Protein chains: 2
Amino acid sequence: MSKKIFVGGLAMGGGSRVSVQTMTTVKTEYVSAVMAEINSAVSLGADIVRLAVRDERDAAALRELVALSPCPLVADIHFDYHLAIKSVESGVHKVRLNPGNIGGERAIKAVSDCLKANGTPVRVGSNSGSIEKEFLEKYGRSAEALAESALYSASLLERFGVQNIVLSAKASDVATTVRAYELLSERCDYPLHVGVTEAGGGKMGLLKGAIGIGSLLLKGIGDTVRVSLTGGVEQEVIAARDILRATGVDKNFAEVVSCPTCGRCDYDAAALAEKIAKATENVQKPIKIAVMGCVVNGVGEGKDADVGIAGGKDKCVIFVGGEAVRTVSPSVAEEELMKEVRAWLAKN
Amino acid sequence: MSKKIFVGGLAMGGGSRVSVQTMTTVKTEYVSAVMAEINSAVSLGADIVRLAVRDERDAAALRELVALSPCPLVADIHFDYHLAIKSVESGVHKVRLNPGNIGGERAIKAVSDCLKANGTPVRVGSNSGSIEKEFLEKYGRSAEALAESALYSASLLERFGVQNIVLSAKASDVATTVRAYELLSERCDYPLHVGVTEAGGGKMGLLKGAIGIGSLLLKGIGDTVRVSLTGGVEQEVIAARDILRATGVDKNFAEVVSCPTCGRCDYDAAALAEKIAKATENVQKPIKIAVMGCVVNGVGEGKDADVGIAGGKDKCVIFVGGEAVRTVSPSVAEEELMKEVRAWLAKN
């Protein structure tokens, strides 16, 4: 198991709840616009938000942002170690940097001392686009190179006594990403920030993120997740929450299982399933609701669910806690099923 | 590795290309409507289509459907073994049934003899909704129960000499599904039909299917896939193809990698990435195109891609085969990048 660290008040690693991250897309110096993105992300379920700190103006905005933000903030810094120090001194809750590109030994020591003095954690790690030449030469553009590059980045800070480290090793292809994190989880006990980098936009970006992050979560790897999607904080946070739900890592929601419907289906189970999903989308308790088109798998799934329905041409059977409770006409199926769902939620 | 069987002319297992399946949603007796779904599925990339055979009229339609279909067809049968025999005699290319519910020993023997005489393969397997009582009692509703139930189903046919078997073991939750298939791949060499059952509709159904199937494909498990989605053959086929692409199992397409954009991005990389994805959606050759917002990961990813662009406020650098070839204005980035993409495709 990974060790536990704290990012502001949020525990990360060591069996803590897997947290959701995203990154703002506007310039950090524009406090109001940044806060709008942060608030929107948090309202959708983000636990941590990262911001790019490119210059003095961005760094100067951090103190105000830290005061205003409802969640811990991470400063993303490249090249200029002064910005890292400024960010930490502004009270930012975590820093993301690459110790290999901030200006050599003295810069690394200065940043390390500042991190330690403020108790601020740091994320380091590798991206397939920025692996050091020596690792590329030794291992090719591979999972091994990504993992070794990430561990090397950590070692640059470890030498100066930094311990609160989070690691990442992201490739733009799913298989390499998954393998790199497997290697990291074998070789260190730092909390792991998991994600697929540069996954792209739309459907393919979502699928690459979901399969990569999801595969790792199913193996128990990953302490904090970010779904990188071209185009939007909201999309990223919703996708991350959906991945946590789809993998069963987050169970506090209404799970609607429904059959894909086939030539056996005598009523519109798909439409009913969609209505039930919509009607229960804000439920924050674990409940499993089955909407089944026929009896082939319907009865079994219906019985396995907390509340279920298995349809037929003229009548549907409603199940509660594995027992058939009554038969209703398909025309009132939604109403009758939701009645049982509400009753179940009230009781449990 | 799984053993290889043939479904019509399509090889399945033994390292063959992973095939995509779906299932029609209209009554099988309505030949024109079924053919419309089959043709649509095949045009989108389906390799095999399954149909529910509920009665004599459905079974009677199979001969015509087999003659008309551009792809192998699978008859899905429950309870009535006569329908299985009729389907096989109609020339259907595979049968999906549950030997445990077709009427006992004599029925199983009759179906087995018919399958062998016609050289027709069969899929058997378990669903979390239909696990035999004995396995539920012994193992609970678990991956172990699913896997043992599937192997038991196969054994009922093996006793009568049936060898061309495809296995499945689907749960409606992702973790159980993945574990069940891992067990099957350890315990037998039958080709595996992988999918998550009753995954539901919309986004959650897609994510559950993607993470479950994707995790297995990354481990080299899975010979044919079906993404079960409430509501639509087309959706299922597109999702399956996207999963094969996202996992790298299918490489014959234009992969657009792009960064999620952050406060560092000085031009609209998201919009450019989307345009490039759209412009290359019908490419059937492997090409990796990187659209990057800035230089932090941009240069590395740009160099790793076959063709890439890394942006800036006033100019973007275009990379081909890892070399910067020229600098262009963001206003003509799409045109200039596509010029290089077309040139690369013409050459490779």
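Cut-offs and rules
- Residues numbered from 1 in each chain as written.
- Chains lettered and ligands numbered in written order.
- Predicted model: local features only at pLDDT ≥ 70, side-chain atom pairs only at ≥ 80, totals over all residues.
- Heavy atoms only, no water.
- Helix = DSSP H or I, 4+ residues; strand = E, 2+ residues; numbered from the N terminus.
- Buried < 20%, exposed > 50% of the residue type's maximum accessible area, 1.4 Å probe, protein only.
- Contact = heavy atoms within 4.5 Å.
- Areas by Shrake-Rupley, 256 points an atom, 1.4 Å probe, with all protein chains shown as cover.
- Lys, Arg positive; Asp, Glu negative; His and termini not counted.
- Charge placed at Lys NZ, Arg CZ, Asp CG, Glu CD.
- Pairing = 2+ DSSP bridges.
- Right-handed = clockwise from strand over helix to strand, strands pointing away.
- Axes fitted to C-alpha atoms, helices over the stretch in contact; angles between N-to-C directions.
- Parallel < 35°, antiparallel > 145°, perpendicular 65-115°, else oblique.
- Left-handed = near helix turned anticlockwise from the far one by under 90°.
- Salt bridge = Lys/Arg side-chain N within 4 Å of Asp/Glu carboxyl O.
- Expected span 1.5 Å × (residues − 1).
- Bend = angle between axes of the 7 residues up to and from the residue.
- Least-squares fit on C-alpha atoms with pLDDT ≥ 70 in both.
- Nonpolar A, V, L, I, M, F, W, Y, C, P; charged D, E, K, R; others polar.
- Domains from an automatic or database assignment.
- Core = buried A, V, L, I, M, F, W, Y, C linked by side-chain atoms within 4.5 Å.
- Buried area = accessible area lost by both parts, 1.4 Å probe.
- Polar contact = N/O pair within 3.5 Å; in protein donor to acceptor, adjacent residues only side chain to side chain.

Novice: Is there a simple way to think about the overall build of chain A in this case?
Specialist: The number of helices and strands found in chain A is twelve helices and 15 strands. Each of the three principal axes of chain A carries a C-alpha extent, and together these read 75 × 45 × 30 Å. Per-residue burial for chain A yields a buried fraction of 61% across its 348 residues. Taking the contacts inside chain A whose residues are at least 6 apart along the sequence as the reference set, 61% of them involve residues at least 24 apart. As displayed, chain A has an accessible area near 12800 Å², and 50% of this comes from carbon and sulfur atoms. Put simply, chain A has 41 plus and 42 minus side-chain charges, and the middle of one group is 1 Å from the middle of the other.

Novice: Is there a simple way to think about the pairing of strand β5 (residues 73-76) of chain A in this case?
Specialist: Regular strands show a simple pattern: their side chains alternate between the two faces of the sheet. Residues and elements named next belong to chain A. Covered by surrounding structure in β5 are Leu73 and Ala75 together with Val74 and Asp76, the residues of both alternating faces. Bridge count for strand β4 (residues 48-52) against β5 is four bridges, and the pairing is parallel. Pairing of Arg50 across the sheet is with Val74, part of β5. Viewed along the sheet, the connection from β4 through helix α2 (residues 56-68) into β5 turns out right-handed. Of the strand pairs in this sheet, β5 and strand β6 (residues 94-96) are connected by three bridges, and their pairing is parallel. In the strand pairing of β6, Asp76 is matched with Arg96. Handedness of the β-α-β unit built from β5, helix α3 (residues 81-89) and β6 comes out right-handed.

Novice: So what exactly am I meant to see when it comes to the packing of helix α7 (residues 174-187) of chain A against helix α8 (residues 202-218) of chain A here?
Specialist: For any two helices packed against each other, one specifies the crossing angle of their axes together with the interaxial distance. Residue and element names in this part refer to chain A. Where α7 meets α8, the axes come as close as 9 Å, and the angle between the chain directions of the two elements is 25 degrees. Regarding the angle of α7 to α8, the classification is roughly parallel. Judged by the twist between their axes, the crossing of α7 over α8 is right-handed. The segment α7 lies against α8, with Val174, Val178, Tyr181 and Glu182 engaging Lys208, Ile211, Gly212, Ser215 and Leu216.

Novice: Is there a simple way to explain the pattern of salt bridges in this structure?
Specialist: Pairing is possible between side chains that carry opposite charge, provided their charged atoms lie close to one another. Residues and elements named next belong to chain B. Taken as a whole, this structure holds 40 salt bridges over all chains when the rule is applied. Arg17 is paired through a salt bridge with Asp47; the nearest N and O atoms lie 3.2 Å apart. With Arg17 in the loop between β2 (10-12) and β3 (19-23) and Asp47 in the loop between α1 (31-43) and β4 (48-52), this residue pair connects regions lying 30 residues apart in the sequence. The class for Arg17 is partly exposed, based on a relative accessible area of 49%.

Novice: What is the right way to look at helix α2 (residues 56-68) of chain B in this model?
Specialist: An α-helical segment advances 3.6 residues per turn. Residues three or four places apart therefore align on the same side. Residues and elements named next belong to chain B. Over its 13 residues, α2 extends 19 Å from the first C-alpha to the last, a length consistent with the 18 Å expected when each residue adds 1.5 Å. Helix geometry: α2 is bent most strongly at Leu62, by close to 35 degrees. Where α2 is concerned, the buried positions are Asp58, Ala59, Ala61, Leu62, Leu65 and Val66. Next to the buried residues of α2 lie α1, β4, β5 (73-76) and α3 (81-89).

Novice: What should I look at first to understand the relation of the copies chain A and chain B in this one?
Specialist: Note: a rotation about an axis with an accompanying shift along it relates these two copies of the chain. Between chain A and chain B, the superposition needs a rotation of 180 degrees and an axial shift of 0.0 Å, giving an RMSD of 0.0 Å. In short, the pair behaves as if placed about a two-fold rotation axis. The fraction of interface residues of chain A whose copies in chain B are also interface residues reaches 100%, indicating that both copies meet through the same surface.

Novice: What am I meant to see in the packing of helix α1 (residues 31-43) of chain A against α2(A) here?
Specialist: Residue and element names in this part refer to chain A. α2 packs onto α1 with a crossing angle of 35 degrees between their chain directions and a minimal axis gap of 11 Å. By crossing handedness, the relation of α1 to α2 is classed as right-handed. Contacts from Val31, Val34 and Met35 in α1 reach Ala61, Glu64, Leu65 and Leu68 in α2. Per-class residue counts for the contact of α1 with α2 are six nonpolar, no polar and one charged.

Novice: Please explain the domain arrangement of chain A as it appears in this structure.
Specialist: How large an interface is tends to be reported as the accessible area lost when its parts come together. What the domain assignment reports for chain A is domain 1 (5-246) and domain 2 (254-347). Computed from C-alpha atoms alone, the centre-to-centre distance between domain 1 of chain A and domain 2 of chain A is 41 Å.

Novice: Could you clarify how one ought to interpret the nonpolar core in this entry?
Specialist: Nonpolar side chains tend toward joint burial in soluble globular proteins. Counting residues in hydrophobic clusters, the biggest one holds 160 residues, and the most contacted among them are Leu167(A) and Leu167(B). Excluding its chain neighbours within four sequence positions, the residues that come into contact with Leu167(A) are Val124(A), Ala150(A), Leu151(A), Ala154(A), Tyr181(A), Leu184(A), Cys188(A), Tyr190(A), Pro191(A), Leu192(A) and His193(A).

Novice: Sorry if this is basic, but what is going on with the sheet that holds strand β13 (residues 307-310) of chain A here?
Specialist: Two pairing modes exist for strands in a sheet, parallel and antiparallel, and in both the strands are linked by backbone hydrogen bonds. All names here are of chain A. If you walk across this open sheet you meet the five strands as β11-β12-β13-β14-β15, and the pairing is mixed. Every interior strand has two partners, whereas the edge strands, β11 (254-258) and β15 (323-328), have only one. Neighbour-to-neighbour, the strand axes of the sheet open up by a mean angle of 20 degrees, direction not taken into account. Two elements, strand β12 (residues 287-292) and β13, share four bridges in a ladder whose sense is parallel. Bridge pairing in β13 places Val291 opposite Ile309. Strands β11, β12 and β13 of the sheet are contacted by helix α10 (residues 269-279), whose axis makes an angle of about 160 degrees with β12.

Novice: What's the story with the interface of chain A and chain B in this structure? I'm lost.
Specialist: In this assembly, 70 residues from chain A lie in contact with 70 residues from chain B. Across the interface of chain A and chain B, roughly 5300 Å² is buried in total on both sides, 57% from carbon and sulfur atoms. Counting the surface chain A buries against chain B, the share from its top three residues, Glu198(A), Pro260(A) and Arg264(A), is 13%. Across the chain A-chain B interface, the total number found is four salt bridges. On inspection of chain A and its partner chain B, the count reaches seven residue pairs in polar contact (both at pLDDT 80 or more). Those elements giving two or more residues to the side of chain A that touches chain B turn out to be α7, α8, α9 (233-246), β11, β12 and α11 (298-304) of chain A.

Novice: Teacher, can you tell me more about helix α8 (residues 202-218) of chain B here?
Specialist: Taking 1.5 Å per residue as the helical rise, α8(B) with its 17 residues ought to reach 24 Å, and the 24 Å between its terminal C-alpha atoms agrees with that figure. Among the 17 residues that make up α8(B), 13 are buried, leaving the element largely enclosed by the rest of the structure.

Novice: It is not clear to me how the sheet that holds strand β3 (residues 19-23) of chain A should be interpreted in this structure. Could you clarify?
Specialist: Residue and element names in this part refer to chain A. Strands sit in the order β8-β7-β6-β5-β4-β3-β10-β9 across an open sheet of eight strands; the sheet is parallel. Because the sheet does not close on itself, it has two edges, and the strands there are β8 (165-170) and β9 (193-194). Where β6 and strand β7 (residues 122-127) come together, two bridges link them in parallel fashion. Note that in β7 the partner of Val95 across the bridge is Val122.

Novice: What's the story with the pairing of strand β15 (residues 323-328) of chain B in this structure? I'm lost.
Specialist: All names here are of chain B. Taken together, the five bridges between strand β14 (residues 316-320) and β15 define a ladder with antiparallel strand orientation. Looking at the pairing, Val317 lines up with Thr327 of β15. Following β14, the chain reverses through two residues before pairing antiparallel with β15; Gly321 in that reversal takes a positive phi of roughly 55 degrees.

Novice: Looking at this structure, how should I read the environment of Arg326(A)?
Specialist: All names here are of chain A. The topology assignment puts Arg326 in strand β15. Judged by relative accessible area, which is 27%, Arg326 ranks as partly exposed. Sequence separation between Arg326 and Ile309 is 17 residues, and the spatial gap between their C-alpha atoms is 9.9 Å. For Arg326, the contacting residues outside a window of four places in its chain are Cys316, Val317, Ile318, Glu336, Lys339 and Glu340.

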